[in-house]
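# Reading the structure
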Amino acid sequence: MMALVLRRLLQSIVVMLVVALMAFTIFRYVGDPVAMMVGQETSLEERAQLRVTLGLDDPIPVQFGRFVISMAQGNFGISYQIGRPVSELLVERLPATLELSGIAALFALLVGIPMGVYTALYPTRWLSKIFLGISLIGISLPTFLIGILLILLFGVTLGWLPTFGRGEVVAIGGWTTGLMSTSGLKSLIMPAFTLGMFQLTLIMRLVRSEMLEVLRTDYIKFARARGLSNRVVNLGHALKNTLVPVITITGLQLGSIIAFAIITETVFQWPGMGLLFIQAISMVDIPIMAAYLVLIAFFFVIINLIVDLLYHVVDPRLRIDTDQG
Amino acid sequence: MVIESFRRFVGSDIWFSFKQSKVTLCAAAVSAAIILAAVAAPLISLQNPFDPVVLDLMDAFSPPVWLEEGSWVFPLGSDDQGRDLYSAILYGSRVSLLIGFSSVVLAMFVGVTLGLVAGYVGGVVDGVIMRVADVQISFPAILIALLIDGVMRALLPGGRHEEMVFYVLVLSIGLSQWVQFARTVRGSTMVERNKEYVQAARVIGISAPMIMLRHILPNVMGPVLVIGTISLAVAILTEATLSFLGVGVPPTEPSLGTLIRVGQDFLFSGEWWIVIFPGVTLATLILAVNLLGDWMRDAFNPKLR
Amino acid sequence: MSTSYAALLEISDLKVEFPTRRGTLVAVNGVSFNIEPGEVLGLVGESGAGKSMTGNAIIGLLEAPGRIAGGAIRLAGRRIDDLPYEEMRKIRGREIGAIFQDPLTSLNPLYTIERQLVETMTTHLGISKGKARERAIELLHEVGIPSAGERIHHYPHQFSGGMRQRVVIALALCSDPKLIIADEPTTALDVSIQAQIIGLMKKLCRDYQTAILLITHDMGVIAETADRVAVMYAGRVVEIGSVRDVVRRGQHPYTRGLMGSIPKIGDNVEHLSQIDGAMPGLTEVPSGCAFHPRCGVAMSVCRQDTPILQRCDHTEVACWQVVDARTGPKGEA
């Protein structure tokens, strides 16, 4: 087991380094860092001086090494447009994104899995057809459109929910949370729903197709042949076998929620990392772009790692056998 | 040969199941309608909404024809510039579809080629291609597209970017979609490679690229078409999202996504039509393509036949 | 022939069909046979003859859209083919058990053997988990699994193929059913293991007085294990009788063709005889006797009327030619 963990960790580090290389390349070679940082009037000497200070003339491996080290320390440089350290900006915005993503993920899981199970077990009932219809709409309606429609309905027309921002947030330690105030909670509803909707449909379809496969297997047939009750067969045997592969894929999906947050944050003007990233792209703010890239990659890698290990824990076939019969 | 294939197709199970499914027929009809409308945009729209000469700010914010103050001049209403929404949607669909199709073609080209090479040649080449694919697939397409878009934006200063935006978008979206093609084609190629007709071709001395192109490719096209349809829906969706986020097609020649972006600002002042009609069109288009893709996948699935 | 007591299982004129896009296909077309308590009846025939469908129909696990379209199935005199799902569920496992072909896929890979055994017994026997566990260990021991007490905690993938099938047999027997439907129980196993499993099944069924419906295409297994055998062709039973009679003195041309194609040790032949042609698919069943296109002694009546199963000397046969030769014009016994 330990060997597995170590191997996966090593792979993760390699991926991170590759991503860091990409970020470094973007950072250093896309556009001229010096030109981006200074105004028109800066003299040539001052620019040259800046180059030396920033170490832009050192050999590339050295620059890359420096880059990696400073990144590992959490130093991503200074934003071209905003003028503040990128790491500060990220830390400020992280809680907003993580909270939103977490609630959205929870929503997607808690609603998506039962829906998927239901449609697999009772495919002919009208509720199943409704669920399937919803799932089709879920993957066809772009996330931002869902957000806009919700804003139109609940924000503009009915006036029940706030249409932008996080509402009132409470600071706890370094974290800011909107969960502790009514306005904060209300502000979370529409964005979380919007963000989670796409994932929900994916999860639902996945659970459904996996379960349909499982229900066709011989061991389910044998379980029924042994006269086990429907509940035991469907919710015991079938469900357990369904959820095992679902875990991997779902885990990876949830990672992408953090990325999809970009869209939702834009629609609802949610002050998270995603919004920051989009603004950085339109203003060509390289440090933020590079930093976001690395951060997202980091999240993905961590999530992949956890999911992988989880899979090994849950599926006994993957554990090392101690003996054979 | 084409007529023969067509005749075979019409008599096949696939056509049969197509005719049976009313939903699919509907979806196909809707898709065809939107595509035709988009292609014929200059002919059937009421004005060219992007010709500034035609616009009059006095016409701005006209509501749809069935509301008070609406008129047939602007059947679906007009936006803040006085543009007729109906025409804007037609032209916008054009842009969306154009970018969507082009991206899929690019993705297909890149993906199928890399898949064929990886599957046929194997070894290190295969390893490298698959590693890259694995890493890319673990990130959502939108992120990849955003990244490429952002980098291109930085590499092409100001004005050049405006001109090239179409190509940049096609590149970004296309490159975010190649992996599924590559993987499938690779798998099929590896299966076909060991078959006798390939061995025979090699013995005769036909070169590898020829073998891949003429012999293996036709046999792996089935799933490629299925993936292509689904990929089209994703491409349209991605383009719309990028445009909505402001990093896609600019408002000078907007796609449906850009129209929605512009329209969102007016939700609160009550001119909902500027957002809703492009939105409905976009959603319908993606839904129709998705349904087609779903049906194709079921029809081509050997297990379900 | 009549019986003065109800047989354990009575199949009367069973029809199984499934509607498809191209029309309704009949997989089992008027099959009748009985199984006595403790008897092993073999059901033999080529793939597609309808054997598995018959087995599935008996235990009530026909997959949709397949359904029983006619006839009756009686268990100890009681009709079971028209029971509601819950009633049938109580019979499954408790009175009728089943064993399927592939032991690897028959067991849930995520559950321990213990869990699968215990839950079956607590469902049917109403005993406590503790008692069930004890019984489970006993059973595993009986089916020949060493160190049963430890291995009960293992997962299916930790057993070899032969051991797995033993576990499957234990699972099928754990609620003391009176009849077991074994669908190709040895086909997926190595030849050397096959003999062991067959021996085990025979022994257990003698010990527990369980009847077996042994469905297989392997005549060798039948010859070793069964008391009687029914030969199926294109959805019908064409001959039924004791194993000895059917194998050595089969009367139906198909039966003879089958037995003739099995090489015997000591035979010195150059060609294995075979029956020309192939069994018709469900959409192309010939009129009259389904075998007539391949039959060497077909008469004109064979093309028109379907023969019925009737006793002719030592076996029951469905063949005009046999009836004609033995008893004169059709109809007299």
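Rules and cut-offs
Residues numbered from 1 in each chain as written. Chains lettered and ligands numbered in written order. Predicted model: local features only at pLDDT ≥ 70, side-chain atom pairs only at ≥ 80, totals over all residues. Helix = DSSP H or I, 4+ residues; strand = E, 2+ residues; numbered from the N terminus. Contact = placed C-beta atoms within 7 Å. Rg over C-alpha atoms; globule rule 2.2 N^0.38 Å. Buried ≥ 20, exposed ≤ 12 C-beta atoms within 10 Å, placed from the backbone. Pairing = 2+ DSSP bridges. Axes fitted to C-alpha atoms, helices over the stretch in contact; angles between N-to-C directions. Parallel < 35°, antiparallel > 145°, perpendicular 65-115°, else oblique. Left-handed = near helix turned anticlockwise from the far one by under 90°. Nonpolar A, V, L, I, M, F, W, Y, C, P; charged D, E, K, R; others polar. pLDDT = per-residue confidence, 0-100.

### Here we look at the overall build of chain B
Looking only at helices and strands, chain B has 13 helices and 0 strands in total. Counted from the first residue to the last, chain B has its helices and strands arranged as α-α-α-α-α-α-α-α-α-α-α-α-α. Residue pairs at least 24 apart in sequence account for 70% of intrachain contacts in chain B once pairs closer than 6 positions are excluded.

### Regarding the overall build of chain C
In terms of helices and strands, chain C carries 13 helices and 12 strands. For 333 residues, the compact-globule formula gives about 20 Å, and the C-alpha radius of gyration of chain C, at 21 Å, lands near that figure. Principal-axis analysis of the C-alpha atoms gives chain C an extent of 65 × 50 × 45 Å. Every one of the 333 residues in chain C was classed for burial, and the buried ones make up 45%. The contacts in chain C between residues at least 6 apart in sequence include a share of 63% that link residues at least 24 apart.

### Some details on the sheet that holds strand β4 (residues 67-75) of chain C
Residues and elements named next belong to chain C. If you trace the 4 strands from one edge of the open sheet to the other, you get β2-β1-β4-β5, paired in antiparallel fashion. Each having just a single partner strand, β2 (23-35) and β5 (78-79) make up the two edges of the open sheet. Where strand β1 (residues 9-20) meets β2, 10 bridges bridge the pair, whose relative direction is antiparallel. In the strand pairing of β2, V16 is matched with V28. Packed onto the sheet, helix α1 (residues 51-59) meets β1, β2 and β4 and runs at close to 75° relative to β2.

### Concerning the packing of helix α6 (residues 126-140) of chain A against helix α8 (residues 182-215) of chain A
Residue and element names in this part refer to chain A. Contact pair α6 / α8: the axes reach a minimum separation of 8 Å and the direction vectors enclose 130°. As far as their axial angle goes, α8 and α6 are oblique. Note that α6 runs across α8; the crossing there is left-handed. Contacts between α6 and α8 involve F131, S135, G138 and I139 from the first element and M197, F198, L200, T201, M204 and R205 from the second.

### Re the interface of chain C and chain A
Listed as interface residues are 28 residues of chain C and, on the opposing side, 23 residues of chain A. Where the side of chain C that touches chain A is concerned, the elements lending two or more residues are α2 (85-91), α3 (103-106), α4 (113-125) and α7 (161-173) of chain C. The biggest single contributor to the side of chain C that touches chain A is α4 of chain C, with 4 residues. Among the residues forming the side of chain C that touches chain A, the class breakdown is 11 nonpolar, 10 polar and 7 charged.

### Observations regarding the pairing of β1 of chain C
All names here are of chain C. Sheet analysis places β1 next to β4, joined by 7 bridges and oriented antiparallel. What sits directly across from L9, in β4, is L75. If you look at the hairpin formed by β1 and β2, you'll find 2 residues sitting between the two strands.

### Quick word on the environment of L188 of chain A
Residues and elements named next belong to chain A. Inspection of the secondary structure assignment puts L188 in helix α8. C-beta crowding within 10 Å serves as the criterion here: with 22 such atoms nearby, L188 is assigned to the buried category. With sequence-adjacent residues up to four places away left out, L188 is seen in contact with L100, I103 and G178.

### Things to note about the interface of chain B and chain A
Tallying the contact residues gives 32 residues for chain B and 31 residues for chain A. If you list the elements that add at least two residues to the side of chain B that touches chain A, you get α7 (141-155), α11 (208-245), α12 (256-264) and α13 (273-300) of chain B. Take the side of chain B that touches chain A: its biggest share by element is 9 residues, from α7 of chain B. Among the residues making up the side of chain B that touches chain A, the classes are represented as 24 nonpolar, 7 polar and 1 charged.

### Quick word on the sheet that holds strand β7 (residues 179-183) of chain C
All names here are of chain C. If you walk across this open sheet you meet the 8 strands as β6-β7-β8-β3-β9-β10-β12-β11, and the pairing is mixed. What marks the edges here is a single partner per strand, and that holds for β6 (96-99) and β11 (310-312). On average, adjacent strands in this sheet sit at an angle of 20° to one another, irrespective of strand direction. Note that β6 and β7 share 4 bridges and pair parallel.

### Some words on the confidence of the model for chain C
Confidence in the prediction of chain C, expressed as mean pLDDT, is 84, and 92% of residues score 70 or more. For this predicted complex, the interface confidence reaches an ipTM of 0.83, while the overall pTM sits at 0.78.

### Re unusual backbone geometry
You will see that Q269 of chain A, though not glycine, has its phi angle at about 50°, which is positive. Relative to the helices and strands, Q269 of chain A resides in the loop between α10 (230-268) and α11 (273-282). The phi dihedral of A234 of chain C falls on the positive side, at around 45°, and the residue is not glycine. Considering the arrangement of structural elements, one finds A234 of chain C in the loop between β9 (228-233) and β10 (236-242).

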